[in-house]
Amino acid sequence: MAPDNRVAICPGTFDPVTNGHLDVIARASAMYDKVIVGVVNLPWRKGRTVFTAEERVGFVRNATRDLGNVDVEPFSNLLVDFARERGAMAIVKGLRAISDFEYELEMNQLNRRQDPEIESVYLMASAKYSFLSSSGIKELATFGGDIDDLVPEEVAGALKERLGR
Ligand code: PNS
């Protein structure tokens, strides 16, 4: 692979994207020539999402507009197949608390078994985002909690509209 063509995938459901995800994406974009944010598009997986894949892709796209080497795409096949199709050498994910470790270890083994050549790389969450999750944000939004510093403005508005009581 040419040294100026190091591609990484940042995958996730992003329902919705949080400032914690965006922190990891921005840090990955400084490490690789190109980062493709892969947004899972499987309606039946892990229950229904609050936002459609198109909406979730749109939120990430708008929030990463200033990062010139970041693209955003939905995907609905195996993560390693998507990564291979895009010529990626790595999957980059964020790790928050210890509680993430078990799930990520399982995903790591699963993905590595499918394609040992695609390395998974983990960036430790920045301290201010270490307890931030999409599900926590949805819960706060449902009960009128303050989410303005935790997600992009567009996402905060959409959450309040869709979930606010
Ligand atoms: O944290 P998330 O949003 O549940 O992560 C999604 C993803 C795809 C990164 C994770 O589930 C994973 O690594 N899955 C590996 C198995 C796979 O490829 N599933 C198909 C997803 S379309």
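The rules behind these values
- Residues numbered from 1 in each chain as written.
- Predicted model: local features only at pLDDT ≥ 70, side-chain atom pairs only at ≥ 80, totals over all residues.
- Heavy atoms only, no water.
- Salt bridge = Lys/Arg side-chain N within 4 Å of Asp/Glu carboxyl O.
- Helix = DSSP H or I, 4+ residues; strand = E, 2+ residues; numbered from the N terminus.
- Buried < 20%, exposed > 50% of the residue type's maximum accessible area, 1.4 Å probe, protein only.
- Phe/Tyr/Trp six-rings, centres within 6.5 Å; stacked < 30°, edge-to-face > 60°.

This part covers the pattern of salt bridges. Going through the model one piece at a time under the given rule, you end up with 11 salt bridges. Among the salt bridges present, the one from R27 reaches D23, with a minimum N-O distance of 3.1 Å. Here R27 and its partner D23 are both found in helix α1 (residues 19-29), four residues apart, which amounts to about one turn of the helix. For D23, a relative accessible area of 19% puts it in the buried group. Between K160 and D148 there is a salt bridge; the shortest N-O distance is 2.9 Å. Taken as a pair, K160 in helix α6 (residues 153-163) and D148 in the loop between α5 (134-142) and α6 lie far apart in primary sequence, 12 residues in all. Several salt bridges share partner residues, and in doing so they unite E73, E85 and R86 into one network.

On inspection of all chains with the given rule, the structure shows two aromatic pairs. Both rings, one in F51 and one in F59, keep their centres 5.1 Å apart while their planes meet at 90°; by these two values the pair is edge-to-face. F59 carries the same exposure label as F51, and that label is buried. Between F75 and F82 the ring centres are 4.7 Å apart and the planes differ by 10°, which places this aromatic pair in the stacked class. The residues F75 and F82 share a single accessibility class, namely buried.

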